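Chain by chain, the residues:
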4 protein chains.
Amino acid sequence: MAETIIKIDLSKSPYENDMIHNRWHPDIPMVAMVKPGDDFIIESYDWTGGQINNNDSADDVRDVDLSKVHFLSGPVGVEGAEPGDLLVVDILDIGAFENSQWGFNGFFSKKNGGGFLTEHFPEAQKSIWDFNGMFTKSRHVPGVEFAGLIHPGLIGTLPSKEMLDEWNTREKALYDTEPDRVPPLATLPYADTAHMGRMSGDAGKAAAAEAARTVPPREHGGNCDIKDLSRGSTVYFPVYVKNAGLSLGDLHFSQGDGEITFCGAIEMAGWTHLRVGLIKDGMKKYGIKNPIFKPSPIKPQYDDYLIFEGISVDESGKQHYLDVHIAYRQACLNAIEYLTKFGYSKAQAYAILGTAPVQGHISGVVDIPNACATLWLPTDIFEFNVKPNSEGPKKELSGDVDVPLSPDL
Amino acid sequence: MAETIIKIDLSKSPYENDMIHNRWHPDIPMVAMVKPGDDFIIESYDWTGGQINNNDSADDVRDVDLSKVHFLSGPVGVEGAEPGDLLVVDILDIGAFENSQWGFNGFFSKKNGGGFLTEHFPEAQKSIWDFNGMFTKSRHVPGVEFAGLIHPGLIGTLPSKEMLDEWNTREKALYDTEPDRVPPLATLPYADTAHMGRMSGDAGKAAAAEAARTVPPREHGGNCDIKDLSRGSTVYFPVYVKNAGLSLGDLHFSQGDGEITFCGAIEMAGWTHLRVGLIKDGMKKYGIKNPIFKPSPIKPQYDDYLIFEGISVDESGKQHYLDVHIAYRQACLNAIEYLTKFGYSKAQAYAILGTAPVQGHISGVVDIPNACATLWLPTDIFEFNVKPNSEGPKKELSGDVDVPLSPDL
Amino acid sequence: MAETIIKIDLSKSPYENDMIHNRWHPDIPMVAMVKPGDDFIIESYDWTGGQINNNDSADDVRDVDLSKVHFLSGPVGVEGAEPGDLLVVDILDIGAFENSQWGFNGFFSKKNGGGFLTEHFPEAQKSIWDFNGMFTKSRHVPGVEFAGLIHPGLIGTLPSKEMLDEWNTREKALYDTEPDRVPPLATLPYADTAHMGRMSGDAGKAAAAEAARTVPPREHGGNCDIKDLSRGSTVYFPVYVKNAGLSLGDLHFSQGDGEITFCGAIEMAGWTHLRVGLIKDGMKKYGIKNPIFKPSPIKPQYDDYLIFEGISVDESGKQHYLDVHIAYRQACLNAIEYLTKFGYSKAQAYAILGTAPVQGHISGVVDIPNACATLWLPTDIFEFNVKPNSEGPKKELSGDVDVPLSPDL
Amino acid sequence: MAETIIKIDLSKSPYENDMIHNRWHPDIPMVAMVKPGDDFIIESYDWTGGQINNNDSADDVRDVDLSKVHFLSGPVGVEGAEPGDLLVVDILDIGAFENSQWGFNGFFSKKNGGGFLTEHFPEAQKSIWDFNGMFTKSRHVPGVEFAGLIHPGLIGTLPSKEMLDEWNTREKALYDTEPDRVPPLATLPYADTAHMGRMSGDAGKAAAAEAARTVPPREHGGNCDIKDLSRGSTVYFPVYVKNAGLSLGDLHFSQGDGEITFCGAIEMAGWTHLRVGLIKDGMKKYGIKNPIFKPSPIKPQYDDYLIFEGISVDESGKQHYLDVHIAYRQACLNAIEYLTKFGYSKAQAYAILGTAPVQGHISGVVDIPNACATLWLPTDIFEFNVKPNSEGPKKELSGDVDVPLSPDL
């Protein structure tokens with residue numbers, strides 16, 4: 001069995017574990033060294049570091065402190081890796097811990113993070129998903145069970161100082177265009193809750209003040225939330241610092257394209273089995289700026305879909321110009337409306353779109369003024385038939401359970 | 001064999017054929033009536049009505065008159081269809097004409113339509129694609145051959161008067177925000193080049209003045225350019241007028257998600273074999289506003305992909321807020337850069353992304369400020385190995401052919 | 001459009017067309033020459049040369065003359081091909097003729113050919129299948145519609161004299177072990193009904209007396225009846241004579257693994273679009289004795305199966321030793337029994353197994369004494385749900401139609 | 001986490017564990033009871049009960065005592081199950097033990113069990129396969145790595161007394177036709193090495209004398225060795241005794257269709273996570289005699305194959321009548337010959353066919369006298385390109401390692 005090079009204790013705060021960090025900075029020390037060809041296991045907290053519990057209240061989702069996330073395991077150094085190389089990462093397997101066979105999906109309050117459909121679901125809600133082997137179902141969302149497309153929501157390499165500066169500059173410029181916005185346009189460095197791994201003292205404090213937050217995906221990978229970057233796939237990461245510095249966390253048991261509920265996927269703690277390799281000078285050889293990857297040969301295959309279209313006309317009927325974001329929102333809202341005909345609440349339908357392996361395709365981006373996006377809903381995840389027929393839909397659910405909601409205080 | 005209810009003559013102008021129209025209006029008369037359960041064949045011009053030729057000059061793409069497109073075949077009336085129903089359309093098959101086994105892909109000049117990457121490819125270019133049975137390749141883009149994911153770029157039902165008014169109102173409002181923009185923000189009604197099918201006289205002129213252009217997708221379907229709405233799929237269209245009025249055209253031999261080259265796909269003339277059915281009162285029963293569809297059981301399956309990520313930081317390094325459009329553009333640019341390492345020109349790489357069955361996924365839309373989009377490039381369409389390895393890419397092409405370019409006049 | 005190098009006239013007997021033959025012999029003259037890289041079209045009779053009609057009687061199936069089949073189009077010579085080479089054949093597309101959009105499936109009388117389940121279905125029966133674009137359904141087998149996995153049942157290269165002699169020797173030896181068997185153990189040369197293409201006179205008669213019948217698959221390909229050797233696949237054939245001599249026929253609109261009904265698949269006349277290439281000395285380079293092939297990227301994908309097991313204990317309860325033939329027969333009988341619970345007659349169920357893209361897997365061949373074979377029935381081809389559930393099956397068919405049967409005379 | 005209802009200790013003999021048995025008999029007592037809807041975990045020995053070690057000698061494979069296998073975990077009783085019901089089993093997941101991340105594949109000596117190609121590989125050989133997450137590779141078979149299609153080789157319900165008698169009668173009849181054969185035609189009851197679970201004393205001895213051996217698959221399931229009966233699939237078993245009595249073992253990390261090496265798959269110890277349900281009176285309702293099953297949505301998908309044909313002419317050139325067994329053997333031999341061109345030894349190639357997810361299709365069983373079988377070799381499991389091209393194969397392996405062989409003593 002491969003060695004577990006980063007271990008965690010779910011009963012302790014991630015701040016007590018110096019192999020964890022929650023900011024990006026070039027100077028965070030490596031917590032372990034591996035060689036090209038090695039395979040090893042890394043344990044990870046859920047992205048909130050244990051702030052969310054397996055119960056029937058959404059209070060913890062409402063009250064979550066989003067400056068503390070995401071708790072990442074690493075960085076792991078790779079011998080011989082130098083800036084300009086490509087770090088090849090085989091994700092050999094991922095799993096939940098034996099004593100923690102559950103995950104959560106939440107909608108954040110619009111006042112605390114929000115989400116893709118925050119105007120429609122402005123208050124905190126939470127569903128709990130139990131894992132049964134490779135499958136999951138939720139006591140809050142009946143009638144649906146599916147195989148997990150398990151993946152790390154967040155995985156990446158350490159940025160160089162130059163790259164970090166570029167990130168801070170461009171994100172601050174955006175933030176400054178509307179500094180009072182709720183939720184904000186960007187999450188800027190914030191030292192108070194920073195966990196800088198094995199950096200400490202004044203150097204740690206200084207770094208914390210400029211270290212990048214973990215929320216967005218960036219050139220090094222990061223919080224891509226790409227569902228297909230799943231166990232079995234191979235990822236090629238740009239290397240920006242000596243030894244690369246690979247960190248990961250934010251494990252998802254399953255997620256739909258877009259991770260539209262923000263909190264988001266079925267979030268879990270667990271372990272990841274990796275193997276690393278190097279392509280020397282690969283960034284230049286292949287012209288790589290962002291990571292690229294190959295999909296897994298062993299992922300859930302739900303091949304029968306019902307596909308919903310959305311165009312860039314918003315809920316008020318206003319026309320937008322080739323806006324895929326709005327088009328995808330409409331496709332999602334169309335799918336939610338459809339599912340209510342079978343007895344789902346809108347929140348349950350939203351939770352399904354956020355967690356199940358739905359696909360979101362950019363179908364048309366040139367036919368002015370409407371972008372066209374499609375939401376692909378796999379039909380085999382439902383215990384009943386959701387395909388249209390001449391008799392119309394049958395109300396399959398009694399409506400006696402719903403996704404718990406905690407109103408803003 | 002099913003009856004061909006709409007025939008065309010490629011040697012004549014579509015304006016001479018009264019079973020063709022190029023605007024959307026509720027009063028365009030049905031050109032044929034069918035019954036639920038019927039299957040039948042409809043012939044179609046390519047979307048430009050024959051403006052583009054099979055040669056090695058992009059002059060025709062540069063000089064195309066975009067107010068004339070798209071030439072649609074129909075409308076076909078369905079007995080018993082009433083507003084509020086769902087029209088079920090089985091796309092049983094699609095093909096090119098025996099004596100027209102080729103298609104074209106073009107980049108429009110930025111001064112005449114532009115495209116998704118118009119800032120990078122501002123001048124007209126054109127590639128010709130030959131069909132060999134179910135496969136296609138181009139003398140202008142060597143080293144690549146793939147099976148066609150044949151589909152109608154444009155298919156939809158006639159709008160009601162109320163829906164037409166809504167379209168005109170909202171699109172005019174957008175247009176008016178920047179009326180001098182090139183290309184414009186929207187294409188407004190334009191009577192001069194309108195082909196109103198069997199409407200003529202004063203009524204035809206009045207209708208032409210308000211009839212909707214065919215460029216964008218809308219609630220009735222229309223120019224969705226969804227590659228997966230391919231032969232073998234089943235589509236459920238909202239019905240807005242008595243007898244529904246189904247029209248289609250803009251056939252594509254193949255296209256990538258987004259149809260990023262605008263002209264766009266591999267455009268062809270051809271025939272479509274359809275079967276229709278009805279779900280009475282289906283719009284309300286299923287809560288349908290836009291069409292939904294089921295994918296085909298018989299479509300090209302390229303399962304080995306190389307996946308490129310893009311985030312919403314633009315080419316100048318400017319940060320944008322959750323902008324999937326920009327993120328997908330970056331993913332496309334990343335893929336283009338990658339392909340140049342194997343000897344392709346950027347224009348050839350762009351043409352491949354526009355024509356081959358690439359997927360565009362909305363991967364993350366909540367991780368502020370970066371949207372994350374992915375471009376999935378099927379690797380098996382290339383005659384050589386395009387996957388990364390430690391030795392680096394091999395220049396596989398001599399560079400002696402390129403996509404013809406015609407400079408602006 | 002590719003040139004049609006072999007044309008046929010369905011209204012005339014194949015014996016009148018000298019580009020057709022129905023025996024294998026090295027001296028049959030090439031009817032056309034092509035070069036490596038060429039693509040071209042070949043028209044073909046159905047395998048019986050028009051003996052079966054589109055009607056509701058099985059008399060023609062009962063009375064068929066099986067010494068006349070299969071009518072093959074060719075041989076086509078390939079310039080530069082020499083014994084020892086591999087002939088690379090891309091099957092670019094296959095289709096039925098526009099005015100012949102139907103096919104047939106039959107069970108032969110046990111007295112005239114029989115079939116895999118001839119003890120269970122000893123008399124002639126026939127079902128007619130209509131083609132609707134890429135899909136087919138039958139007026140004799142309601143409730144089922146599926147996309148065609150179109151392929152040539154028979155395709156191969158001319159044998160050398162040595163190979164022909166080997167075939168004749170080994171098949172005669174088998175035949176002689178039970179010369180009076182009905183049906184016989186092998187079909188030996190039979191000059192009376194031989195069509196030797198462009199061979200005539202005494203040479204033709206002499207060749208006809210020793211030419212191999214077309215029934216079995218052999219080292220050159222031949223009547224493999226492999227459903228996955230479908231349009232879009234690439235086949236590598238051994239070359240035994242100068243210019244290879246490629247012939248094909250016996251087109252199938254669809255077939256299940258095993259072609260268990262013998263007549264067998266959905267048989268049709270039609271055209272095939274091919275492209276050829278050569279691997280010089282390829283037989284030795286790759287150690288090839290029988291053809292190998294790569295499957296198509298564009299074939300029907302029915303991914304939801306119900307899988308039936310069979311073991312090598314026969315219908316009487318007798319134990320056989322690792323006999324896959326008997327095990328597969330049991331799996332088929334199990335599937336037939338299952339389908340009767342939904343209202344199908346056994347003959348209808350048998351016709352479905354023979355025509356739909358069912359898979360037959362050799363699951364276990366070492367666990368003495370039982371071989372284990374599996375029959376994979378795609379569930380999405382049915383208009384109703386055939387999966388097991390706690391309520392039991394629902395009789396979906398009224399039983400008012402069946403597969404026509406013609407008793408032996 | 002689901003409860004582990006059967007635990008094992010790999011350091012102890014399976015004969016010491018009374019929740020294990022290695023014979024089928026209706027009177028073996030249930031070792032645990034579960035209810036419909038329950039999910040639970042069962043641990044299992046490898047099929048030999050630990051006779052084979054992780055080393056580089058095949059002595060243990062040569063000397064294995066095949067009368068002791070297979071060691072099964074169970075029987076588990078299901079409340080409410082009665083003869084005539086269908087037991088629904090969801091295989092939720094399967095895994096190797098953390099401290100036992102390896103498996104073995106072997107060829108038995110022809111004198112001790114043999115195998116599918118025992119005439120070609122008459123002596124004992126063994127390869128060891130290491131598990132790396134979801135993937136496996138072997139130090140004895142370089143250049144190949146693939147995802148595991150993990151499944152229980154053996155799973156079934158207890159037979160009734162009547163069924164047991166039928167098995168014994170028919171297998172004895174076969175055995176008696178050639179009682180001195182090596183290997184024998186069937187494995188008859190053998191009390192000496194029987195492990196009857198919780199049966200003991202005289203009753204146990206009497207039962208052992210008539211209990212069925214575990215080698216073949218039978219009506220209750222048993223040793224089907226069906227690779228697609230993998231984790232994620234749902235199986236419907238006939239129930240023959242009160243409480244059904246579900247037992248399983250013989251876990252495989254991966255196997256090709258046919259399990260042609262007999263020992264056979266990549267054999268491992270591990271755990272299985274199951275959920276059970278009932279369809280009352282399901283055998284009659286659905287006409288079920290043998291188990292049926294639905295495949296998994298999450299299994300390795302290798303979609304690019306090279307397909308080898310085989311016909312029923314044996315290695316000596318002798319013609320056999322529609323013998324799928326021989327046809328499949330030829331297809332396997334053809335594939336082995338092909339792989340030697342890339343540097344594999346024949347034993348390595350044979351090991352690949354036995355362990356990787358190759359498919360074996362019954363392609364034609366009616367074209368007298370030749371059956372046609374196909375062996376589908378997934379090409380993406382190789383680290384190099386194994387597809388044919390005009391330059392011929394490249395010797396990719398140095399040949400410095402091979403599959404260890406232990407000559408007969």
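Residues numbered from 1 in each chain as written. Chains lettered and ligands numbered in written order. Predicted model: local features only at pLDDT ≥ 70, side-chain atom pairs only at ≥ 80, totals over all residues.

Undergrad: I'm lost on the interface of chain D and chain C in this one. Help?
TA: If you look at the interface, chain D gives 82 residues, while chain C gives 82 residues. Elements supplying a minimum of two residues to the side of chain D that touches chain C: α2 (161-175), β12 (217-218), α4 (282-286), β18 (292-294), β19 (305-311), α5 (324-340), β20 (359-364) and β21 (372-378) of chain D. The pairing of strand β19 (residues 305-311) of chain C with β18(D) spans two bridges and is classified as antiparallel. When the sheet's bridge partners are listed, C:Ile307 is paired in β18(D) with D:Phe293. (Contact = placed C-beta atoms within 7 Å. Helix = DSSP H or I, 4+ residues; strand = E, 2+ residues; numbered from the N terminus. Pairing = 2+ DSSP bridges.)

Undergrad: Can you help me understand the interface of chain B and chain C in this one?
TA: Much of the literature gives interface size as the accessible area that the parts lose upon coming together. The interface is formed by 23 residues belonging to chain B together with 23 residues belonging to chain C. Listed by contribution, the elements that provide at least two residues to the side of chain B that touches chain C are β6 (86-96) and β17 (270-279) of chain B. Broken down by class, the residue content of the side of chain B that touches chain C amounts to nine nonpolar, seven polar and seven charged. (Nonpolar A, V, L, I, M, F, W, Y, C, P; charged D, E, K, R; others polar.)

Undergrad: Would you mind going over the domain arrangement of chain A with me for this structure?
TA: Residues and elements named next belong to chain A. Its domain assignment divides chain A into domain 1 (3-294) and domain 2 (305-406). For domain 1 and domain 2, the distance between their C-alpha centroids amounts to 27 Å. Taken residue by residue, the interface counts 38 residues in domain 1 and 28 residues in domain 2. Looking at the side of domain 1 that touches domain 2, the elements that each hand over two or more residues are α1 (59-62), β7 (102-107), β8 (124-132), β10 (141-147) and β16 (263-267). The greatest single-element share of the side of domain 1 that touches domain 2, amounting to six residues, is contributed by β10. (Domains from an automatic or database assignment.)

Undergrad: Whenever I open this one, the pairing of strand β21 (residues 372-378) of chain A confuses me. Can you help?
TA: Side chains on a regular strand alternate between the two faces of the sheet. Residue and element names in this part refer to chain A. Burial within β21 is extensive, with seven of its seven residues counted as buried. Along β21, one buried face is formed by Cys372, Thr374, Trp376 and Pro378 and the opposite face, lined by Ala373, Leu375 and Leu377, is buried too. Direction of pairing for strand β19 (residues 305-311) relative to β21: antiparallel, over a ladder of seven bridges. Across the sheet, Gly310 pairs through a bridge with Ala373, a residue of β21. By the bridge criterion, five bridges tie strand β20 (residues 359-364) to β21 in an arrangement that is antiparallel. Bridge assignment links Ile362 to a residue of β21, and that residue is Ala373. (Buried ≥ 20, exposed ≤ 12 C-beta atoms within 10 Å, placed from the backbone.)

Undergrad: Explain the relation of the copies chain D and chain C here, please?
TA: For the pair of chain copies, the relating transformation is a rotation about an axis with a translation along it. Superposition of chain D onto chain C requires a rotation of 180 degrees combined with a translation of 0.0 Å along the rotation axis, giving an RMSD of 0.0 Å. The transformation relating the two chain copies, once decomposed into turn and shift, fits a two-fold axis. No C-alpha of chain D lies nearer the rotation axis than that of D:His361, which sits 2.3 Å from it. The residues that chain D uses at the interface reappear at the interface of chain C in 100% of cases, marking a shared surface. (Least-squares fit on C-alpha atoms with pLDDT ≥ 70 in both.)

Undergrad: So what exactly am I meant to see when it comes to the pairing of strand β11 (residues 151-157) of chain C here?
TA: Residue and element names in this part refer to chain C. Among the seven residues in β11, seven count as buried, and that is most of the element. With six bridges joining them, β11 and strand β15 (residues 246-252) adopt antiparallel strand pairing. Among the inter-strand pairings, Ile155 is bridged to a residue of β15, identified as Leu248.

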